[in-house]
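Remarks on the overall topology
So the chains spell out like this:
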Number of protein chains: 2
Amino acid sequence: MATDNKPKARLPRGLADRGGAELVATRAMLEKIRSVYELYGFEGLETPAIEYTDALGKFLPDQDRPNEGVFSFQDDDEQWLSLRYDLTAPLARHVAEHFDKLPKPYRSYRAGYVFRNEKPGPGRFRQFMQFDADTVGAPTVAADAEICMMAADTLEAVGIARGDYVIKVNNRKVLDGVLEAIGLGGDANASRRLTVLRAIDKLDKIGVDGVRDLLGAGRWENPEAKSGDFTKGAGLEAEAVDKVLAFVSAGTGMAGLSNLAGVVGSSETGMAGLDELHQIAALVAAGGYDDGRIVIDPSVVRGLEYYTGPVYEAELTFEVKDEKGRPVRFGSVAGGGRYDGLVARFRGEPVPATGFSIGVSRLQAALGHLGKGDKEANTLPLVVVLVMDKDRIADYMALTKRLRDAGRDSETGNLLFRAEMYLGGAGMKAQMKYADRRGAAAVVIQGSNEKEAGEVQIKDLVEGAKIAAGISDHAEYRAARPAQFSVKEADLLDAIRGVLERRAEPTLGLDD
Amino acid sequence: MATDNKPKARLPRGLADRGGAELVATRAMLEKIRSVYELYGFEGLETPAIEYTDALGKFLPDQDRPNEGVFSFQDDDEQWLSLRYDLTAPLARHVAEHFDKLPKPYRSYRAGYVFRNEKPGPGRFRQFMQFDADTVGAPTVAADAEICMMAADTLEAVGIARGDYVIKVNNRKVLDGVLEAIGLGGDANASRRLTVLRAIDKLDKIGVDGVRDLLGAGRWENPEAKSGDFTKGAGLEAEAVDKVLAFVSAGTGMAGLSNLAGVVGSSETGMAGLDELHQIAALVAAGGYDDGRIVIDPSVVRGLEYYTGPVYEAELTFEVKDEKGRPVRFGSVAGGGRYDGLVARFRGEPVPATGFSIGVSRLQAALGHLGKGDKEANTLPLVVVLVMDKDRIADYMALTKRLRDAGRDSETGNLLFRAEMYLGGAGMKAQMKYADRRGAAAVVIQGSNEKEAGEVQIKDLVEGAKIAAGISDHAEYRAARPAQFSVKEADLLDAIRGVLERRAEPTLGLDD
């Protein structure tokens, strides 16, 4: 707070405002995702941002404040509430609450903000949007295969080209089989299993040697200098480490599946997982998605505890520069898997479920890298009516209304352009600056001279900018497309339409 | 929590899940509102749900917990955060934070959830959606007049007929003038002025006599029996009460404006307010909105402290039944006004601003009362492919994919219908029940006999339901439109299109 007791206008870390073009692009992307989910027969569901903390699976034993990671507060009856940190836990609560009323399987999609009370960083926010689809009550892996295919269709629908992404599929049961085989089965080893899981999940970032360290004694932030932070490892024996690494490095596709058979050995869980992966591979092939769009890949494990079967991750394979300017794969934009235990938490009986979640902001950033964000973000052209004479505001409003009436296609209801009257208190120069700042396509000017002559002046700001930038020295061209001209009031709409059509045309002969 | 330590699946009071049809209707309504705001030249802005408590204008003097009414919690640096309770305070913060970068006037619209930590009740939620539009940096009342006209256009765009609504306009300065005249001017009387304001704001609910009580000594919940809760009044003298009531009862339109002149007397503030109302009335008339769409009405004051000039309220005038079954006007669905002080809180210099806010859920409820909610909520027809033989899931998936490929118009990209394969583990009967519950238009069945014959069976559920309900006893009609029939696999898409076209047709000859 400033010393003069004025509050400071600022946002808490990890939170951001988002403006016009970004919102237009997000909305366009959300509609495309929604349209694929709808086509597949999923139905919309929306849950509130606030839930009971225990219903989200966060428990508060003896603590004053709930678990880290979530924003929590007490209701006036002292019960703990939290902001949702994903869209899966609220779905599990919804299904358990309305179980008898829902069709089974229950197929829903949900888009909304989630909140993480974590340390923010570049591209890491404390509020961000997810777009999930889940099938609850589907025991067969056909549901998992379907979601993987839908993930592929969705990425293509938003503009990621085939070849620029891959949906990687694995199965937790296979990993569980490996962990059983090395003596990490049972409830007592749950936390060590999680450490193994998280180590494997870092494969992309730290490579096989890094994962080896984390499976063993631990890993230095700078392994060569043995300096920086030290992360304690899972403490596995060398032989066990090799088994896990053999799993991770089994390789992709059908060859990978054969290799896994050797790693899994006689573990029943592992064999069941392998069988599920074979079934998924067969369905994926039958659907024609085995052309590189969907690939079995044992290196994908997902960092969350609650998965119980197939897990999948959508990875973008094109390269971008990292913070240090090195080329890296763009990486994961969506992921999910089977979580047969989440609804069971409430109901006491297992309810099979599988689903996936798109990181909306991250996918939008990816489209930006591909140069596809901007195209979507094209906002409608804007026409600004200037106020030359403050006593004639009603006249300028009437001009604006004529423009607005023409700004909507009377048949489709779609907008063609937008119009507004300048509403500030400033003079002509500031008004022109305002129109520029708004990115207006044209301004309409009617001073007293024009009014007497029954005319309006139209200034074509796009043409004007070209001339100002000197990119056109074709005198003839300039004469044919003047940046400012007068027309009869009755011809206002035709003249504006002309300016807007020009704007949409390619600029002929200006490149040479 | 249940005794067996299973968490109970439930939502905190005043929060709700929303399902398919309601979401479709909301989305359609939001798009219509957005389209009007865009046409008027407003641009989208989105702010996060979490803000610094002090930036929202809530202060925490010596209390452990912030003011009531907002959900608040401490960040890890001990600073207080709150969930936004409206979309105006965050806009003021945004404008103050980015003042130099923004075009002035800055015209934005914002849609989003707001949170109130208040006692919920029927139709009163602790999370609900608002859709606001604001012009910041516009000193003239032309900006207020424009927003009133836009409010009228918006209500008509979402489906409220002209005549079913009125935008009422008043000016706080006029009321301030009256209050000055009765000795309630100055900072020292701020809280008494607020009491007067809130009393007037209840006019609709408690009538003139009720307001009279609240302006004087106070009011019993049951005035005749003098029983129930007692609300302390503003404690005005009888003469002062009469002046305030004369203001409230001045009447609408130009006649009301003349009457107000007498009430305001020589107060400069009051006269300035009156002048602004005249200007607004003139602009409204010039725009043709003086046909009952926009009306000057001194009984509208709005219950919030921060308004500094024109205030306006959109009221739906058709009648609905209240909790006790009595006919009442539907009432307010949107409102707003001028708040020249909100950005000034941060900047120390006044920044003129005006805006209004639509209560999205309330407006949607209104459309429901008018029978317009359902029409919008029409979801796309759904086709369900049944699983007759678990070994042939890949075949059923392929059938589903063929349907999906036809489900999207290849030219426009719009969806025509949706398709899905049954993904549960149950038998034929449960699968048919599932299709019914989903409201499917048709199911596709292929058992081993049909497979051998290269055929599929199609069951038309809409026709089937009609026959089951016995509403058709025209034997001929039934023969022509069978509820279940076989076609060659190659003819699947044509047959499904036929079923869906029938569904859209009016049912001929069934009413007599």
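Treat the numbers as computed from the prediction; the structure is a model and nothing was measured.

1. Examining the overall build of chain A
Check the secondary structure of chain A and you find 18 helices and 18 strands. For chain A, buried positions account for 53% of its 512 residues. Taking the contacts inside chain A whose residues are at least 6 apart along the sequence as the reference set, 67% of them involve residues at least 24 apart. Taken as a whole, chain A presents about 22,500 Å² of accessible surface, with 49% of it coming from carbon and sulfur. Averaged over its 66 positive side-chain charges, chain A has a centre that lies 4 Å from the centre of its 78 negative ones.

2. Examining the environment of A:Gly186
Residue and element names in this part refer to chain A. Within the fold, Gly186 resides in the loop between α4 (172–181) and α5 (190–201). Overall, the relative accessible area of 46% leaves Gly186 in the partly exposed class. Between the alpha carbons of Gly186 and Lys226 there is a distance of 34 Å; along the sequence they are 40 residues apart.

3. Describing the pattern of salt bridges
Overall, the coordinates contain 73 salt bridges over all chains when judged by the stated rule. A salt bridge links A:Lys401 to A:Asp405, with the shortest nitrogen-to-oxygen separation between them at 3.3 Å. Here A:Lys401 pairs with A:Asp405, and both are found in helix α13 (residues 393–407), just four residues apart, close to one helical turn. What you see here is one network of salt bridges that share partners, running through A:Glu38, A:Glu43, A:Arg107, A:Glu146, B:Arg404, B:Arg418, B:Glu420 and B:Arg438.

4. A word on the sheet that holds strand β15 (residues 418–421) of chain B
Residue and element names in this part refer to chain B. Reading across from one edge, β15-β14-β16-β17-β18 is the order of the five strands in this open sheet, with mixed pairing throughout. Looking at strand neighbours, the two that pair on one side only are β15 and β18 (484–488), the edges of this open sheet. Between one strand axis and the next, the sheet turns through 25 degrees on average, direction left out of account. Judged from the four bridges that link them, strand β16 (residues 442–445) and strand β17 (residues 455–460) form a sheet pairing that is antiparallel. Looking at β17, one finds that Val443 is bridged to Lys459. Docked against the sheet, helix α13 (residues 393–406) engages β14 (382–385), β15, β16 and β17, running at close to 175 degrees with respect to β15.

5. Topic: the pairing of strand β7 (residues 165–171) of chain A
All names here are of chain A. In terms of burial, β7 is largely enclosed, as seven of its seven residues are buried. Judged by which residues are buried, β7 turns out to be covered on both faces: Tyr165, Ile167, Val169 and Asn171 on one side and Val166, Lys168 and Asn170 on the other are all buried. Both β7 and strand β11 (residues 310–321) contribute to a ladder of seven bridges, which runs antiparallel. Opposite Asn171, over in β11, you have Pro310 as the bridge partner. Sheet topology note: the β7/strand β10 (residues 294–296) ladder contains three bridges and is parallel. Residue pairing in the sheet places Lys168 in a bridge with Val295 of β10.

6. Observations regarding the relation of the copies chain B and chain A
Least-squares fitting of chain B to chain A yields an RMSD of 0.1 Å, with the superposition described by an axial translation of 0.0 Å and a rotation of 180 degrees. These values place the two chain copies in the arrangement generated by a two-fold rotation axis. By C-alpha distance to the rotation axis, the residue of chain B lying nearest is B:Phe73, at 2.9 Å. A share of 100% of interface residues in chain B that are also interface residues in chain A marks the association as one of identical surfaces.

7. Some words on the nonpolar core
Most often, soluble globular proteins keep nonpolar side chains buried together rather than apart. One finds A:Leu403, A:Ile496, B:Tyr37, B:Ile167, B:Leu236, B:Val244 and B:Phe356 to be the most contacted residues of the largest nonpolar core, which totals 160 residues. The greatest single-element share of this core, amounting to eleven residues, is contributed by helix α3 (residues 142–158) of chain B. Those residues within four positions of B:Tyr37 in sequence are excluded, and the remaining contacts are B:Phe42, B:Tyr109, B:Phe131, B:Asp132, B:Ala133, B:Met150, B:Thr154, B:Phe356 and B:Ile358.

8. Re the packing of helix α4 (residues 172–181) of chain B against helix α9 (residues 268–286) of chain B
All names here are of chain B. Where α4 contacts α9, the axes come no closer than 7 Å and their chain directions differ by 155 degrees. The pairing of α4 with α9 is recorded here as roughly antiparallel in orientation. Crossing hand, α4 versus α9: left-handed. For the pair α4 and α9, the contacting residues are Lys173, Val174, Asp176, Gly177 and Glu180 in the first and Thr269, Gly270, Gly273, Leu274, Glu276 and Leu277 in the second. Within the contact of α4 with α9, the residues separate by chemical class into three nonpolar, four polar and four charged.

9. What about the packing of aromatic side chains?
Centre distance and the angle of the planes are the two values used to describe a pair of aromatic rings. Residue and element names in this part refer to chain A. One pass over the full model with this rule turns up 21 aromatic pairs over all chains. For the ring pair Phe318 and Phe330, a centre distance of 5.8 Å and an interplane angle of 35 degrees mean the geometry is tilted. In this pair, Phe318 is assigned in strand β11 and Phe330 in strand β12 (residues 327–338), connecting sequence segments twelve residues apart. When its relative accessible area of 12% is taken as the criterion, Phe318 is described as buried. The class of Phe330 is buried, set by a relative accessible area of 8%. Taken together, the ring pairs connect Tyr37, Tyr109, Phe131 and Phe356 into an aromatic cluster. The ring of Phe42 carries Arg107 above its face, with NZ or CZ at 4.2 Å from the centroid. Sitting over the ring of Tyr289, Arg293 keeps its end group 4.1 Å from the ring centre.

10. Here we look at unusual backbone geometry
The general pattern is negative phi for most residues beyond glycine and trans for most peptide bonds. All names here are of chain A. Cis rather than trans, the peptide bond between Lys104 and Pro105 has omega equal to -5 degrees. Within the secondary structure, Pro105 is located in the loop between α2 (88–97) and β5 (106–115). With a phi angle near 75 degrees, Glu78 is a residue other than glycine that sits in the positive phi range. Residue position: Glu78 is located in the loop between β3 (72–74) and β4 (80–83). In this structure Glu78 comes out as exposed when scored by relative accessible area, which is 56%.

11. Examining the interface of chain B and chain A
Listed as interface residues are 106 residues of chain B and, on the opposing side, 106 residues of chain A. In total, chain B and chain A occlude about 8,600 Å² of area from one another, counting both sides; carbon and sulfur atoms represent 57% of this. The largest share of the area that chain B buries against chain A comes from B:Arg10, B:Leu39 and B:Leu423, three residues that together contribute 9% of it. Our count for the contact surface shared by chain B and chain A stands at 22 salt bridges. With a closest N to O distance of 3.0 Å, B:Glu420 and A:Arg107 form a salt bridge. Run the count over chain B and chain A and you get 40 residue pairs in polar contact (both at pLDDT 80 or more). By residue class, the composition of the side of chain B that touches chain A is 51 nonpolar, 21 polar and 34 charged.

12. Thoughts on the sheet that holds strand β6 (residues 127–136) of chain B
Residues and elements named next belong to chain B. Strand order in the open sheet formed by eight strands is β1-β5-β6-β13-β12-β11-β7-β10, and the pairing between neighbours is mixed. Each edge of the open sheet is held by one strand with a lone partner, namely β1 (43–44) and β10 (294–296). The pairing of strand β12 (residues 327–338) with strand β13 (residues 353–359) spans five bridges and is classified as antiparallel. Among the inter-strand pairings, Ala334 is bridged to a residue of β13, identified as Ile358.

13. Side note on the confidence of the model for chain A
Residues and elements named next belong to chain A. Here chain A averages 88 in pLDDT, and 92% of its residues register 70 or above. Low pLDDT, under 50, characterises residues 507–512; the stretch is placed with nine contacts to residues that sit more than four places away or in other chains. Interface confidence in the predicted complex, given as ipTM, is 0.88; pTM for the same model is 0.89.

14. Details of the side chain of A:Ser299
Residues and elements named next belong to chain A. Structurally, Ser299 can be placed in the loop between β10 and β11. In this structure Ser299 comes out as buried when scored by relative accessible area, which is 18%. One polar contact links Ser299 to Asp297, side chain to side chain, over a distance of 2.7 Å. Filtering out sequence-adjacent residues up to four positions away, Ser299 remains in contact with Ile200, Leu203 and Val248.

15. So, the side chain of A:Arg293
Residue and element names in this part refer to chain A. Mapped onto the secondary structure, Arg293 falls in the loop between α9 (268–286) and β10. Within the local environment of Arg293, its side chain forms a polar contact with the side chain of Asp291, the two groups lying 3.0 Å apart. Not counting chain neighbours up to four residues away, the residues in contact with Arg293 comprise Ala152, Glu156, Arg162, Tyr165, Val166, Ile167 and Gly288.

16. Examining helix α7 (residues 238–248) of chain A
Residues and elements named next belong to chain A. Among the residues making up α7, those that are buried are Ala240, Val241, Val244, Leu245, Phe247 and Val248. Projected down its long axis, α7 carries its buried residues within an arc of 155 degrees, all on one side. Set apart from the buried face of α7 by more than 90 degrees, the exposed residues are Ala238 and Glu239. For α7, the secondary structure elements touched by its buried residues are β7, α4, α5, α6 (203–215) and α8 (253–264).

What counts as what
Residues numbered from 1 in each chain as written. Chains lettered and ligands numbered in written order. Predicted model: local features only at pLDDT ≥ 70, side-chain atom pairs only at ≥ 80, totals over all residues. Heavy atoms only, no water. Helix = DSSP H or I, 4+ residues; strand = E, 2+ residues; numbered from the N terminus. Buried < 20%, exposed > 50% of the residue type's maximum accessible area, 1.4 Å probe, protein only. Contact = heavy atoms within 4.5 Å. Areas by Shrake-Rupley, 256 points an atom, 1.4 Å probe, with all protein chains shown as cover. Lys, Arg positive; Asp, Glu negative; His and termini not counted. Charge placed at Lys NZ, Arg CZ, Asp CG, Glu CD. Salt bridge = Lys/Arg side-chain N within 4 Å of Asp/Glu carboxyl O. Pairing = 2+ DSSP bridges. Axes fitted to C-alpha atoms, helices over the stretch in contact; angles between N-to-C directions. Least-squares fit on C-alpha atoms with pLDDT ≥ 70 in both. Core = buried A, V, L, I, M, F, W, Y, C linked by side-chain atoms within 4.5 Å. Parallel < 35°, antiparallel > 145°, perpendicular 65-115°, else oblique. Left-handed = near helix turned anticlockwise from the far one by under 90°. Nonpolar A, V, L, I, M, F, W, Y, C, P; charged D, E, K, R; others polar. Phe/Tyr/Trp six-rings, centres within 6.5 Å; stacked < 30°, edge-to-face > 60°. Lys NZ or Arg CZ within 6 Å of the ring centre and 35° of its normal. Buried area = accessible area lost by both parts, 1.4 Å probe. Polar contact = N/O pair within 3.5 Å; in protein donor to acceptor, adjacent residues only side chain to side chain. pLDDT = per-residue confidence, 0-100. Arc of directions from axis to C-beta.

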